[in-house]
Amino acid sequence: MYALTNVTRDYPWGSTTAIAGLLGTDPSGGPEAELWMGAHPDSPSVAATPEGPIALDQLIADHPRATLGEEVHAAFGAKLPFLAKLLAADKALSLQVHPTLERARVRFADEEAAGIPRDAAHRNYKDENHKPEMILALTNFEALCGFRPCAEAAELFRAVGAAIAATGTEVPALLRQVEMSLNSRMAEPMVVRRAFETLINGGSATTELVDLAASALASSCIELAAALGTVVDLARQYPGDPGVLISLLLNRVSLVPGEAIYLPAGNIHAYLSGLGLEVMASSDNVLRGGLTGKHIDVPELLATVDFAPGAVPVVPTRVTELGQHIWEPPFTEFVLQRVEIAVGAEPMPLIQNGPLLVLAVSGSVLLDSPRGDMVLSRGGAVFVPAAENPVMVHAHVDSADKSHTPAVVFAVTVAG
């Protein structure tokens, strides 16, 4: 097994303290938005090997069957199929959606053939993979996820109109147009798409409506529903951005620690605040729809979004007889587990299907496999090749921890 050094992304929406506070490290002084753990070529973890440090994607490419196992190699090729991230948001992330595998392959090839540099600001597809993902809340976590029923959205836009009218201002035509769309008798996906297109293509009219709506709601004397309060908050962060009002079309989600949701292809979403552990297929393909200063390709976005309203896709927690907490979204690339073990407790096995990525967030453990062992303290991460199986988790007494804090590790492996 190999100790990992992971890459921190300093996006401006990131928290300056949350990731460091979880892992017991010193804050950098700047935003620490994401800690990438995996082998994506954009920011691969670095593995400590007897021959010296090596990027994890290169280690896997050099020894694909030993690191991934025959079944995983046959299913996914010589690449780690999953990517894990600690994500810490002090400010809303961009409104975004991820493509299907088929679309990612076709559109990646199109952009390659067109000669668009992979790091170009206007490039949509950085790789040829899809990016189904799951977010597990480690603190209270706020998000937008998928489309709410049209009747609910219509009620919210009526409330916006009432708030504007209460200021003595005429309700803008664009808002009336959105309301008319949402009250249409067409099939719901078409209704949602029409309202979405009206807002994202509204140009200066949308910008003016966002500012007017946020100002009217902020000055309202009535207590705002969470969705309307979100409009006020987002307008402060992204003035005039169409995503501010598009948020009223979406489900507003509040997670407590231990709760998780999954985001399949086509699900439009945005993380608003909180610390979470995000696991996904190994890809960086993101199509943005607002709440950002980055490139937005509206035609490609509209071709990718699933406009059907639906319930929030919750991932239930399954607890095994041994006490492992398991989160299994309906994806083949990954499954997430949490193991907590106190000093003096019996060792516990990690569920492992091929390769395994382990992160310690509390206490200290000894990871023991038939080929070796390693002490993993809080903040440490390790990659375990498929050839090292099974892996047992033993409580380890860290001389620096006089309180004998129970150890907690998260581990990601391929879905069985």
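Everything below is about the structure printed above this text.
Let us look at the structure shown here.

What counts and what doesn't
- Residues numbered from 1 in each chain as written.
- Predicted model: local features only at pLDDT ≥ 70, side-chain atom pairs only at ≥ 80, totals over all residues.
- Heavy atoms only, no water.
- Axes fitted to C-alpha atoms, helices over the stretch in contact; angles between N-to-C directions.
- Helix = DSSP H or I, 4+ residues; strand = E, 2+ residues; numbered from the N terminus.
- Parallel < 35°, antiparallel > 145°, perpendicular 65-115°, else oblique.
- Left-handed = near helix turned anticlockwise from the far one by under 90°.
- Contact = heavy atoms within 4.5 Å.
- Pairing = 2+ DSSP bridges.
- Salt bridge = Lys/Arg side-chain N within 4 Å of Asp/Glu carboxyl O.
- Buried < 20%, exposed > 50% of the residue type's maximum accessible area, 1.4 Å probe, protein only.
- Polar contact = N/O pair within 3.5 Å; in protein donor to acceptor, adjacent residues only side chain to side chain.

1. Looking at the packing of helix H9 (residues 204-218) against helix H10 (residues 226-237)
- Interhelical geometry of H9 versus H10 gives an angle of 120° and a closest axis separation of 9 Å. What the angle tells us is that H9 and H10 run oblique. For the pair H9 and H10, the sense of crossing is left-handed. Contact residues: H9 offers Val210, Ala214, Leu217 and Ala218, while H10 offers Leu228, Val231, Val232 and Ala235.

2. Focus on the sheet that holds strand S20 (residues 364-369)
- Read from one edge of the open sheet, four strands run S18-S23-S20-S21, paired in antiparallel fashion. The open sheet is flanked by strand S18 (348-349) and strand S21 (372-377), the only strands paired with a single partner.
- Looking at chain direction, S18 and strand S23 (residues 392-395) are connected through two bridges and run antiparallel. Bridged to Met348 within S23 is Val393.

3. Details of the pairing of strand S1 (residues 2-5)
- In this structure, S1 lies alongside strand S22 (residues 381-384), joined through two bridges in antiparallel fashion. Among the inter-strand pairings, Ala3 is bridged to a residue of S22, identified as Val382.
- Pairing analysis gives two bridges linking S1 to strand S4 (residues 46-49), with the strands arranged antiparallel. Each residue of the ladder has a partner; that of Thr5, found in S4, is Val46.

4. Describing the pattern of salt bridges
- Here the structure, examined in full by the defined rule, presents 15 salt bridges.
- Here Glu112 makes a salt bridge to Arg123, at a shortest N to O gap of 3.0 Å. Of the two residues, Glu112 is situated in helix H5 (residues 101-113) and Arg123 in the loop between H5 and strand S8 (133-137); the sequence distance between them amounts to eleven residues.
- On the accessibility criterion, Glu112 (32% relative accessible area) is partly exposed.
- Here Arg236 ties to Asp233 by a salt bridge, and the two come within 3.2 Å at their closest N and O atoms.

5. Considering the environment of Glu111
- For Glu111, the location among the structural elements is in helix H5.
- Given the relative accessible area of 5%, Glu111 is considered buried.
- Taking the C-alpha atoms as reference, Glu111 lies 7.5 Å from Arg123; in sequence the two are twelve residues apart.
- Setting aside anything within four residues of it in sequence, one finds Glu111 in contact with Ile116, Arg123, Asn124 and Tyr125.
- A polar contact of 3.1 Å, which involves the side chain of Glu111, links it to the side chain of Arg123.

Distances and angles like these do not, on their own, reveal function.
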